[in-house]
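Residue strings, one per chain:
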Number of protein chains: 2
Amino acid sequence: MTARTPDSARDIPEATVARLPVYLRALTSFAEEGTTTCSSEELAVSAGVNSAKLRKDLSYLGSYGTRGVGYDVEYLRYQIAREIGVTHDWPVVIVGIGNLGHALANYSGFRSRGFRVVALLDADPTRKDEVVAGLDVRSFEDIESIVAEHAVSIGVIATPAIAAQAVADRMVANGITSILNFAPTVLSVPDGVGVRKVDLSIELQILAYHEQRKSIAPASEDAS
Amino acid sequence: MTARTPDSARDIPEATVARLPVYLRALTSFAEEGTTTCSSEELAVSAGVNSAKLRKDLSYLGSYGTRGVGYDVEYLRYQIAREIGVTHDWPVVIVGIGNLGHALANYSGFRSRGFRVVALLDADPTRKDEVVAGLDVRSFEDIESIVAEHAVSIGVIATPAIAAQAVADRMVANGITSILNFAPTVLSVPDGVGVRKVDLSIELQILAYHEQRKSIAPASEDAS
DNA sequence: TAGATTGTTAATCGATTAACAATC
DNA sequence: TAGATTGTTAATCGATTAACAATC
């Protein structure tokens, strides 16, 4: 009981989970360049973290390196992909096909990184019959049959803020258990449903805060 | 020297800084609804955090509430806006006017939350003379004059990954000191330049990780 | 064997939370 | 005065980091 869990299903800290995709991407770059082996230092530089943190993170997955040698790029890449769960594609629906929904539907990075957009939904009936990124824009009312047909568990909300909660409720009612929310609003969902938020203005405001402080700050680090 | 810094320029933890924009948004909602006063509990619910964390966060800014009563919505809203630095608009340039750049250029939330898009730049000469969101798409070569003319310190990168580092270098060379990066790549910038990254695939992969574990996890919390 | 690099330990740092004295 | 709610304290929790023993 107190021995380390031997195989999978260990408990990985949230901060580590958030970095695994970054490592995965760096390893994919290495593989594309033909690099077959790398050290924790090289991988760390490529991922923009320090190597102690990288090794600590990887240690939660298991022992996939070789002391004195480093990591096999392809092997580690696969192990991380497996841990994240992107060795097969996840079907995804996007709701809200405005400017942002358009951009998301056309984003090729989803496909290459473990996701497949299976449907585009919009509540506005005038948008129906539009074709975006090779997919028909369908009525939001079709969500039930689409989620059932494709066994969708991940939904993306790209609607105006005012509509987002209702969309989330409807997603959850139809069995979606993970939501990526681009609408600038706080969603409330039942326990067990995962939500991540991408908020463009908030990111800019965080930059603005630091930007503002640059002009105020005493020049204490100024070595000139 | 050991007394609390009396006025502004206190040291606010990063985690708090990242939440201030969320509080600001919640307060703006309250104001629009005509709510003039709120308690930490009400504001916390609206922002999706617990009230202890909210009060702790606000305590870094100062004492803007009244014990036994709560907060004046408009007053607190102004204090937070001032702390973030969005009592006046920040000029912003967007580089890379593909699908995502289009969406960002048209995003009305920037304008209402402290930012003004002053120029859209793209390296592709065939995109010049296009008008997006009421702005001419201009050559990336114009960045120097535009940054100088509008005193731009914040840049948004919405180019393909392959171009992003060169764009960032050029931004930094021209005096931009804060970058919001949508390209799926790690940027390296000099000390003193702030970078925030928004990575759509990474957000989905984090959701996928948790989604995957739901099917694997032992039903230890299952009370049925 | 000597050199290199991992995986792990332990110390440190920062963030969260509950509880409550202060005070309206 | 009694009730309400803030602002702060202190305990806890989680994340980071440097250092190094293990081991290729």
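Residues numbered from 1 in each chain as written. Chains lettered and ligands numbered in written order. Predicted model: local features only at pLDDT ≥ 70, side-chain atom pairs only at ≥ 80, totals over all residues. Heavy atoms only, no water.

- The name an unreviewed UniProt entry gives chain A is Redox-sensing transcriptional repressor Rex, with Nocardioides alpinus as the organism.
- Regarding chain A, the UniProt comment filed under Subcellular location (unreviewed entry) reads as follows: "Cytoplasm".
- According to the UniProt record, the Subunit (unreviewed entry) comment for chain A is "Homodimer." (UniProt positions renumbered as here; feature names shortened; annotations may be inferred.)

1. A short note on the protein's contact with DNA strand D
Reasoning step 1: Residues in close proximity to DNA strand D total 26 residues, the closest being Arg-19 and Arg-67 of chain A together with Ser-40, Gly-65 and Tyr-71 of chain B.
Reasoning step 2: A share of 65% is what sugar and phosphate atoms reach among the atoms of DNA strand D within 4 Å of the protein.
Reasoning step 3: A distance of 3.0 Å is found between a phosphate oxygen of DNA strand D and a side-chain nitrogen or oxygen belonging to Asn-50 of chain A.
Reasoning step 4: At 2.8 Å from a phosphate oxygen of DNA strand D is found a side-chain nitrogen or oxygen belonging to Tyr-71 of chain B.
Reasoning step 5: Counting residues per element, the ones that place at least two in the surface near DNA strand D are α1 (14-33) and α3 (51-59) of chain A together with α3 (51-59), β2 (65-66) and β3 (70-72) of chain B.
Reasoning step 6: Of all the elements, α3 of chain A adds the most residues to the surface near DNA strand D, at 4 residues.
Reasoning step 7: Taken together, the residues that form the surface near DNA strand D break down as 6 nonpolar, 11 polar and 9 charged. (Near = heavy atom within 4 Å. Polar contact = N/O pair within 3.5 Å; in protein donor to acceptor, adjacent residues only side chain to side chain. Helix = DSSP H or I, 4+ residues; strand = E, 2+ residues; numbered from the N terminus. Nonpolar A, V, L, I, M, F, W, Y, C, P; charged D, E, K, R; others polar.)

2. Observations concerning the pattern of salt bridges
Reasoning step 1: Under the criterion given, the structure shown has 20 salt bridges over all chains.
Reasoning step 2: We note a salt bridge from Asp-199 of chain A to Arg-25 of chain B, for which the minimum N-O separation is 2.2 Å. Of this pair, Asp-199 of chain A sits in the loop between β10 (194-197) and α9 (200-216) while Arg-25 of chain B sits in helix α1 (residues 14-33), each in a different chain. Both residues of the pair, Asp-199 of chain A and Arg-25 of chain B, belong to the buried class.
Reasoning step 3: Between Arg-170 of chain B and Glu-141 of chain B there is a salt bridge; the shortest N-O distance is 3.0 Å. With Arg-170 of chain B in helix α8 (residues 161-173) and Glu-141 of chain B in the loop between β7 (135-139) and α7 (143-150), this pair connects stretches of sequence that are 29 residues apart.
Reasoning step 4: Looking at Arg-170 of chain B, the relative accessible area reads 28%, which means it is partly exposed. (Salt bridge = Lys/Arg side-chain N within 4 Å of Asp/Glu carboxyl O. Buried < 20%, exposed > 50% of the residue type's maximum accessible area, 1.4 Å probe, protein only.)

3. Some words on the protein's contact with DNA strand C
Reasoning step 1: If you check the shell around DNA strand C, you find 26 residues, and the closest are Ser-40, Gly-65 and Tyr-71 of chain A together with Arg-19 and Arg-67 of chain B.
Reasoning step 2: Per the 4 Å cut-off to the protein, sugar and phosphate atoms form 66% of the nearby atoms of DNA strand C.
Reasoning step 3: Within the backbone of Tyr-64 of chain A, one N or O atom sits 3.3 Å away from a phosphate oxygen of DNA strand C.
Reasoning step 4: Here a base nitrogen of DNA strand C sits 2.9 Å away from a polar atom, N or O, in the side chain of Arg-67 of chain B.
Reasoning step 5: Of all the secondary-structure elements, those providing two or more residues to the surface near DNA strand C are α3, β2 (65-66) and β3 (70-72) of chain A together with α1 and α3 of chain B.
Reasoning step 6: By residue number, the principal contributor to the surface near DNA strand C is α3 of chain B, which donates 4 residues.
Reasoning step 7: Tallied by class, residues from the surface near DNA strand C come to 6 nonpolar, 11 polar and 9 charged.

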